[in-house]
Amino acid sequence: AQSVSQHNHHVILSEAASLELGCNYSYGGTVNLFWYVQYPGQHLQLLLKYFSGDPLVKGIKGFEAEFIKSKFSFNLRKPSVQWSDTAEYFCAVIKAAGNKLTFGGGTRVLVKP
Amino acid sequence: DGGITQSPKYLFRKEGQNVTLSCEQNLNHDAMYWYRQDPGQGLRLIYYSQIVNDFQKGDIAEGYSVSREKKESFPLTVTSAQKNPTAFYLCASIRGQPSSGANVLTFGAGSRLTVL
């Protein structure tokens, strides 16, 4: 069965610091990859997704993620965070042509003003 | 506005009671999903349904049941057989398949169930 690992459960950083959240998945075949974000009190929403093409994917709010197939990784990055980036971030993976989206354990990010 | 409505937002129940969580969508989406969210464990798939009158077990279906009698509705029953039912439950839906590229899962606001 496919699985998704997010290495950090909690991250605390100051505004303007750079952020990188790790995500690794276990499935060896073709996959589609996602990062979702859950701001305090809000619905889970999509940050970005990778299906094919350029492995560097840009999403909303200045986030980007790089798909490295050889490392089974899809790390999320933001060069300079803001206090409003405080949220929980989830990596997710689905097999190509699959129906089940599998999520990682999530990373809680706290940005101090 | 189109979206997914989950109710109730908060629910308390005593041990041994079944409880049903509602999920309604007016997005005309084909597939619907139920996830359970626990701290540090992310979202785990309970059940999903691709079409009306059909549904499949997810990774943690034991102690749960669902029905899909209408396209827009996918209620989840947490039965007394579920050993650790206290959790945050999220419903989601999508047009077509989540692996299609063009479509993404839309989530509801969630229902928080506490068993006393």
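Notes on the structure follow.

Focus on the interface of chain A and chain B
Working step 1: Of the residues lining the interface, 24 residues belong to chain A; the matching set on chain B comes to 25 residues.
Working step 2: Taken together, the links from chain A to chain B amount to one salt bridge.
Working step 3: When the shortest N-O distance is used, the salt bridge between Lys100(A) and Asp59(B) registers 3.1 Å.
Working step 4: In this assembly, chain A and chain B are joined by seven residue pairs in polar contact (both at pLDDT 80 or more).
Working step 5: Secondary structure elements with two or more residues in the side of chain A that touches chain B: β5 (31-38), β6 (44-50) and β10 (87-95) of chain A.

Focus: the packing of aromatic side chains
Working step 1: Counted by the stated rule, this structure contains 16 aromatic pairs over all chains.
Working step 2: Ring centres 5.6 Å apart and planes at 75° place the aromatic pair Tyr25(A) and Phe72(A) in the edge-to-face group. Residue Tyr25(A) is located in strand β4 (residues 24-25), and its partner Phe72(A) is located in the loop between β8 (64-68) and β9 (73-78); the two are separated by 47 residues in the primary sequence.
Working step 3: On the basis of relative accessibility, which here comes to 33%, the residue Phe72(A) falls in the partly exposed class.
Working step 4: Three or more aromatic residues link up through ring pairs in this structure, and these residues are Phe34(A), Tyr36(A), Phe51(A), Phe90(A), Phe103(A), Tyr33(B), Tyr35(B), Tyr48(B) and Phe107(B).

So, unusual backbone geometry
All names here are of chain B.
Working step 1: Omega for the peptide link from Ser 7 to Pro 8 comes to -10°, which places this bond in the cis form.
Working step 2: By the secondary structure assignment, Pro 8 is in the loop between β1 (4-7) and β2 (10-13).
Working step 3: Non-glycine residue Asn 28 carries a positive phi angle of around 60°.
Working step 4: Counting through the fold element by element, Asn 28 comes out in the loop between β3 (19-25) and β4 (31-38).
Working step 5: With phi around 65°, Asn 53 is a residue other than glycine that occupies positive phi space.
Working step 6: Within the element layout of this structure, Asn 53 appears in the loop between β5 (42-51) and β6 (54-57).
Working step 7: On the basis of relative accessibility, which here comes to 63%, the residue Asn 53 falls in the exposed class.

The rules behind the values
Residues numbered from 1 in each chain as written. Chains lettered and ligands numbered in written order. Predicted model: local features only at pLDDT ≥ 70, side-chain atom pairs only at ≥ 80, totals over all residues. Heavy atoms only, no water. Contact = heavy atoms within 4.5 Å. Salt bridge = Lys/Arg side-chain N within 4 Å of Asp/Glu carboxyl O. Polar contact = N/O pair within 3.5 Å; in protein donor to acceptor, adjacent residues only side chain to side chain. Helix = DSSP H or I, 4+ residues; strand = E, 2+ residues; numbered from the N terminus. Phe/Tyr/Trp six-rings, centres within 6.5 Å; stacked < 30°, edge-to-face > 60°. Buried < 20%, exposed > 50% of the residue type's maximum accessible area, 1.4 Å probe, protein only.

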